[in-house]
Amino acid sequence: MKLSFEKSRQGRFFPLLPELDVPERKISSALTRAGSPRLPEMSPPDISRHYSELARRTHGVNDGFYPLGSCTMKYNPKINDEMANLPGFTHIHPLQPEHTAQGCLEAMARAEGLLCEITGMDSMTFQPAAGAHGEFTGVLLIKAYHESRGDSARTKIIVPDSAHGTNPATATMTGFQVVNIPSDGSGCVTLDALREAVGPDTAGLMLTNPNTLGIFDRNILEITKIIHDAGGLCYYDGANLNAIMGVARPGDMGFDVMHLNLHKTFSTPHGGGGPGSGAVGCKSELARFLPSPHVSRRGDEFFFDAPSRSVGRVGAFYGNFLVVLRALTYLVTIGGDGVRDAARNAVLNANYMMKHLSGIYDVAYPGGCMHEFVLSLERLKREHGVSAMDVAKSLLDFGMHPPTMYFPMIVKEALMIEPTETESRETMDFAIAALRSIYERALEEPESLREAPIHTPIRRPDEVNAARHPKLRYNFD
Ligand SMILES: *Cc1c(COP(=O)(O)O)cnc(C)c1O
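Keep in mind the model is a prediction, meaning the values are calculated, not measured.

Visitor: Just give me the short version of a negative patch on the surface, but keep the residues and values in it.
Guide: There is a patch of like negative charges on the surface, built from E440, E444, E445 and E447. Take E445: it is sitting in the loop between helix 13 (425-444) and helix 14 (446-451). The class for E445 is partly exposed, based on a relative accessible area of 36%.

Next up, the structure:
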């Protein structure tokens, strides 16, 4: 496909701006650029076709099944975008006086109230822009808590090996040492290893639940007790809350602080990498450390205030406000029963697919799963030379996005499948049939899978090269 720069023809522009109707002022030449920027010049129909062509070459939730484990690529109701596009929400300035933006502040306060009810937390910030950023903020609260008590010996954060990769990264970024805890045969935290690891140097624990194997840790109450008895705090990675929302609450399981991925569970499109919102909720003892500003209410009036021992700002202004609005719209439209139904269907769909695939592929941790499950293709690789990558690439020819590959790292040749609650039985049956036919081909003609995909615009790019040497600028020469 040609780049817009290659399609550009000099002079083929169209006027976008109205005629100047105010006195013209000259800007000092020290401030102006020497020449015009070399922007592509295209006619409106050519621009329109250019973007349609780009859209045809990508895959989104609107194109087909997208079972990318841990990412919750579900259908996001269009009404969320309609609400977030209302001029009263989009035509505001972050610095305008609070009394002129009461509706926006109220929307944030209402979203906070509903999400606290769902999570069992007491207070929440929307400032972090993504899940990992929320983790960073949440662990800063843990750090501030220990510091406020003059307890400087707590330098370690415990992270089970089934955690999302961002958890150990967060603990390191916030200046803690990571203590890794192995999973047991059923994919849960090994309690004896946890008991052994805690002590006066334990700042806290970060638990991804359900973990990256799609398993709800059945010892969760014992886990939070072990940490609290040792003087640590418990962090819940709630990026995948669509597995439990409306059914169980981290706040009732002993967690002190957590994040949500509003862009996953609470319905904002996030395929292109943003914008997101890693809302952080905490119990009241930690609320005084939350980032500033935070929306508060006095009678009928909403205003921004600074928590008394705030860790400071972690982002500009109030976070991605329009993502919060989408979450609020989603919650108000589906209601409390809808929240619970979404979680139940997410879990039902994952178990349906796991059950049907378990007669074909090896399920890494059989038994019940939550919203996702992991297949291991180790045997297929060993016996037929067909890897998880080959199967994933073959799925592209069925018009499906592949599952998450080679993650979690504790499963060899992993494929991590998350159908989400918004998929129909027919879509899942189609995916199961596709995976079955790929398996049969792996036994009969394994070489053909190494050639896949054959129907996509790009077949197998050199992924390492593409990641290490991305071409992000157009070279005019
Ligand atoms: C997606 C995810 C994250 C990270 O969220 P980002 O918004 O991508 O930073 C963290 N933990 C879990 C369990 C996730 O699924």
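Visitor: Could you give an account of the site of the ligand, naming the residues involved and the relevant values?
Guide: Neighbouring the ligand are 14 residues, the closest being G131, A132, D237, H263 and K264. A distance of 2.8 Å is found between an oxygen atom of the ligand and a backbone nitrogen or oxygen belonging to G131. Contact with the protein chains covers 84% of the free accessible surface of the ligand, which is 380 Å². Take the shell around the ligand: its biggest share by element is three residues, from helix 6 (residues 131-148).

Visitor: Before we move on, could you go through the packing of helix 6 against helix 7 (residues 166-173) and cite the residues and values that matter?
Guide: If you want to describe how two helices pack, look at the angle between their axes and the distance between the axes. Relative to each other, helix 6 and helix 7 sit at 45°, their axes nearing to 9 Å. With respect to helix 7, the axis of helix 6 lies oblique. Considering the relative orientation of helix 6 and helix 7, their crossing is right-handed. Residues A132, E135, F136 and V139 of helix 6 lie in contact with helix 7, whose contacting residues are T166, N167, T170 and M173. Residue classes in the contact of helix 6 with helix 7 are distributed as four nonpolar, three polar and one charged.

Visitor: Tell me about the nonpolar core, residues and numbers included.
Guide: Membership of the largest hydrophobic core comes to 56 residues, with the highest contact counts inside it found for L115, F126, L194, L241, M245, L262 and F266. It is helix 10 (residues 321-358) that provides the largest number of residues to this core, a total of twelve residues. Leave out the neighbours within four places in its chain, and M245 touches I118, T265, F266, Y330, V339, R340, A342 and A343. Residues F65, L375, I417 and M428 belong to the second largest nonpolar core, which totals 31 residues.

Visitor: Account for the sheet that holds strand 11 (residues 373-376), with residues named and values stated.
Guide: Think of a sheet as strands paired side by side through backbone hydrogen bonds, with each pair either parallel or antiparallel. The four strands are arranged 10-11-13-12 in an open sheet whose pairing can be described as antiparallel. Only two strands of the sheet have a single partner each, and these edge strands are strand 10 (362-363) and strand 12 (404-405). Strand direction decides the pairing type here: strand 11 and strand 13 (residues 414-417), joined by four bridges, are antiparallel. In the sheet register, V374 faces strand 13, and the bridge partner there is M416.

Visitor: Kindly report on the side chain of E421, identifying the contributing residues and their values.
Guide: Within the fold, E421 resides in the loop between strand 13 and helix 13. When neighbours within four sequence positions are excluded, E421 is seen to be in contact with K74, N242, Y330, A342, N345, A346 and N349.

Visitor: Run through unusual backbone geometry, naming residues and quoting values.
Guide: Omega for the bond connecting N209 with P210 falls within 30 degrees of zero, at -10°, which places this linkage in the cis form. By secondary structure assignment, the location of P210 is in the loop between strand 4 (202-208) and helix 9 (220-229). Even without being a glycine, E413 presents a positive backbone phi close to 45°. Here E413 is to be found in the loop between strand 12 and strand 13. On the basis of relative accessibility, which here comes to 13%, the residue E413 falls in the buried class. Here the phi dihedral of T420 falls at roughly 70°; this positive angle occurs in a residue that is not glycine. Note that T420 resides in the loop between strand 13 and helix 13. Accessibility expressed as a relative area gives 0% for T420, which makes it buried.

Visitor: Summarise the pairing of strand 11; cite the residues concerned and give the values.
Guide: Of the two faces of strand 11, the one carrying F373 and L375 and the one carrying V374 and S376 are both buried. The pairing of strand 10 with strand 11 spans two bridges and is classified as antiparallel. In the strand pairing of strand 11, V363 is matched with L375.

Visitor: Before we move on, can you summarise the sheet that holds strand 2 (residues 156-160) with the specific residues and values?
Guide: If you walk across this open sheet you meet the seven strands as 1-7-6-5-4-2-3, and the pairing is mixed. Edge strands, defined here as strands with exactly one partner in the open sheet, are strand 1 (123-125) and strand 3 (177-181). Along the sheet, successive strands turn relative to each other by an average axial angle of 25°, direction set aside. Sheet topology note: the strand 6 (residues 257-260)/strand 7 (residues 280-282) ladder contains three bridges and is antiparallel. Each bridged residue has a counterpart across the sheet, and for M258 the counterpart in strand 7 is G281. Lying over the sheet, helix 6 contacts strand 2, strand 4, strand 5 (233-238), strand 6 and strand 7, oriented at roughly 170° with respect to strand 5.

Visitor: Can you break down the pairing of strand 8 (residues 294-298) residue by residue, with the values?
Guide: One ladder, built from five bridges, connects strand 8 with strand 9 (residues 301-305); its direction is antiparallel. Looking at the pairing, R297 lines up with F302 of strand 9. Hairpin remark: strand 8 followed by strand 9, antiparallel, with two residues in the connecting loop; positive phi at G299, about 65°.

Cut-offs used in this document
- Residues numbered from 1 in each chain as written.
- Predicted model: local features only at pLDDT ≥ 70, side-chain atom pairs only at ≥ 80, totals over all residues.
- Heavy atoms only, no water.
- Patch = residues over 30% accessible without salt bridge, like charges linked within 9 Å, V, L, I, M, F, W, Y side chains within 5 Å.
- Areas by Shrake-Rupley, 256 points an atom, 1.4 Å probe, with all protein chains shown as cover.
- Salt bridge = Lys/Arg side-chain N within 4 Å of Asp/Glu carboxyl O.
- Lys, Arg positive; Asp, Glu negative; His and termini not counted.
- Charge placed at Lys NZ, Arg CZ, Asp CG, Glu CD.
- Helix = DSSP H or I, 4+ residues; strand = E, 2+ residues; numbered from the N terminus.
- Buried < 20%, exposed > 50% of the residue type's maximum accessible area, 1.4 Å probe, protein only.
- Near = heavy atom within 4 Å.
- Polar contact = N/O pair within 3.5 Å; in protein donor to acceptor, adjacent residues only side chain to side chain.
- Axes fitted to C-alpha atoms, helices over the stretch in contact; angles between N-to-C directions.
- Parallel < 35°, antiparallel > 145°, perpendicular 65-115°, else oblique.
- Left-handed = near helix turned anticlockwise from the far one by under 90°.
- Contact = heavy atoms within 4.5 Å.
- Nonpolar A, V, L, I, M, F, W, Y, C, P; charged D, E, K, R; others polar.
- Core = buried A, V, L, I, M, F, W, Y, C linked by side-chain atoms within 4.5 Å.
- Pairing = 2+ DSSP bridges.

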